[in-house]
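# Reading the structure
Each chain is listed here by its residues.
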2 protein chains.
Amino acid sequence: MNKKDQPIGSALTTIDLHDIARASITFGVRGFFVVTPYEDQAKLAKQVIDHWTKGVGGELNPFRKKALELIRVSKTFEDVLKEIEKERGEPVVTIATSAKEISGSITTKNLRQKLDNKDSHVLTFGTAWGLAKELMDGCDFILNPIMGKNDYNHLSVRSAASIYLDRIINYK
Amino acid sequence: MNKKDQPIGSALTTIDLHDIARASITFGVRGFFVVTPYEDQAKLAKQVIDHWTKGVGGELNPFRKKALELIRVSKTFEDVLKEIEKERGEPVVTIATSAKEISGSITTKNLRQKLDNKDSHVLTFGTAWGLAKELMDGCDFILNPIMGKNDYNHLSVRSAASIYLDRIINYK
């Protein structure tokens with residue numbers, strides 16, 4: 001969504017590729033899918049990924065190479081789900097995140113209790129002003145927003161992804 | 001430190017200002033000090049801060065303004081400690097973080113048990129290849145590295161700061 005509450009495809013922030021890939025590999029995530037309907041944004045993502053996985057970046061920093069190798073670029077959320085289902089041959093469980101209070105949302109601890117480890121689990125983040133309601137409504141679960149000491153909940157998607165992954169893996 | 005294990009002053013990454021300020025305000029941190037000995041880096045930090053706190057940035061995004069208002073720029077770690085002690089008039093407890101296993105390091109839960117809430121607490125992060133041993137040796141506590149599902153521990157400082165703050169505030 002954008003600031004005016006309209007559904008949009010947001011611009012790619014290349015640091016998201018790095019930070020979320022690094023958090024993903026740390027916490028044992030199998031794949032990090034970047035979804036954009038725009039050719040130019042997909043091309044930019046691929047340029048960054050190639051630099052670090054095939055180009056000089058990976059030679060200079062093999063740890064970064066290993067992280068960015070997790071990234072794939074897709075046109076739609078549905079394409080991601082189809083690709084995972086085809087590859088893994090198990091049901092795909094979708095989990096949305098939001099900075100807002102959404103009725104029926106659950107804690108990460110609660111989420112873990114509901115999960116069957118055989119399934120594939122897709123943790124979904126929006127950039128700009130967050131995921132569209134339509135996408136969230138189609139997900140199997142929605143996680144509670146991350147709250148701290150006050151009502152300020154404008155973390156970067158990089159921070160939010162890192163915190164949710166730490167909670168899921170380390171706070172069972 | 002740099003890659004060759006030499007003590008350096010690292011280059012400022014402006015996204016660190018945003019992400020760590022946003023995490024700081026979320027989790028109730030009173031101040032976010034950016035330490036650099038270099039005039040040009042300090043100037044760059046101040047330009048970014050001014051854009052968002054006094055310039056057009058803050059008008060467009062008041063939430064970002066509120067976050068970046070937490071940031072101060074200092075020349076040395078010692079200056080930070082002196083400034084906090086002078087301002088708060090209470091003992092300053094220093095807490096180092098590291099991606100490496102350091103003998104005697106503790107969990108965030110353990111840290112909380114040791115803290116007196118009247119004191120000021122300074123949670124310290126290094127950029128580039130982390131904090132110098134000399135600085136860590138002078139700190140009162142060192143936190144355990146953030147580990148996930150394997151030995152990969154190359155999170156961005158933005159991710160690490162967000163995770164540690166979430167653990168300290170939400171996992172008592």
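Scroll up a little and you will see the structure.
Now for a look at the structure at hand. Just so it is clear, the model here is predicted, and its values are computed rather than measured. (Residues numbered from 1 in each chain as written. Chains lettered and ligands numbered in written order. Predicted model: local features only at pLDDT ≥ 70, side-chain atom pairs only at ≥ 80, totals over all residues. Heavy atoms only, no water.)

### Quick notes on the sheet that holds strand β5 (residues 141-142) of chain A
Residues and elements named next belong to chain A. Taken in spatial order, the three strands of this open sheet run β4-β3-β5, and their pairing is parallel. Unpaired on one side and paired on the other, β4 (120-124) and β5 mark the two borders of the sheet. Across the sheet, helix α5 (residues 77-88) touches β3 (92-96) and β4, and the angle it forms with β4 is around 160°. (Pairing = 2+ DSSP bridges. Helix = DSSP H or I, 4+ residues; strand = E, 2+ residues; numbered from the N terminus. Contact = heavy atoms within 4.5 Å. Axes fitted to C-alpha atoms, helices over the stretch in contact; angles between N-to-C directions.)

### Brief notes about helix α2 (residues 39-53) of chain B
Residues and elements named next belong to chain B. Taking 1.5 Å as the rise per residue, α2 with 15 residues should run 21 Å; its terminal C-alpha atoms sit 20 Å apart, in good agreement. Within the sequence span of α2, burial applies to Q41, A42, A45, V48, I49, W52 and T53. When α2 is viewed along its axis, its buried side chains cluster within an angular range of 125° and face the same direction. Exposed residues pointing more than 90 degrees away from the buried face of α2 are listed as E39, D40 and K43. (Expected span 1.5 Å × (residues − 1). Buried < 20%, exposed > 50% of the residue type's maximum accessible area, 1.4 Å probe, protein only. Arc of directions from axis to C-beta.)

### Remarks on the pairing of β4 of chain A
All names here are of chain A. Judged by which residues are buried, β4 turns out to be one-sided: S120, V122 and T124 face inward and are buried, whereas H121 and L123, on the alternate face, are not. Pairing geometry for β3 and β4, over five bridges, is parallel. If you follow V93 over to β4, its bridge partner there is H121. Taking the sense of rotation as the criterion, the β-α-β connection linking β3, helix α6 (residues 108-114) and β4 turns out right-handed. (Right-handed = clockwise from strand over helix to strand, strands pointing away.)

### Overview of the interface of chain A and chain B
At the junction of the two partners, chain A supplies 33 residues and chain B supplies 33 residues. For the pairing of chain A and chain B, the buried interface totals around 3000 Å² over both sides, and the portion due to carbon and sulfur atoms is 53%. A per-residue breakdown of the area chain A buries against chain B is headed by T26, Y152 and Y171 of chain A, which together make up 22% of the total. Our count for the chain A to chain B interface comes out at four salt bridges. Among the ionic pairs, R167 of chain A bridges to D166 of chain B, the shortest N-O distance being 2.6 Å. Between the two partners, chain A and chain B, sit 23 residue pairs in polar contact (both at pLDDT 80 or more). Breaking the side of chain A that touches chain B down by element, the ones donating at least two residues are α1 (14-26), α4 (62-68) and α8 (157-170) of chain A. In terms of residue count, α8 of chain A provides more of the side of chain A that touches chain B than any other element does, eight residues in total. (Buried area = accessible area lost by both parts, 1.4 Å probe. Salt bridge = Lys/Arg side-chain N within 4 Å of Asp/Glu carboxyl O. Polar contact = N/O pair within 3.5 Å; in protein donor to acceptor, adjacent residues only side chain to side chain.)

Taken by themselves, the reported measurements are silent on function.
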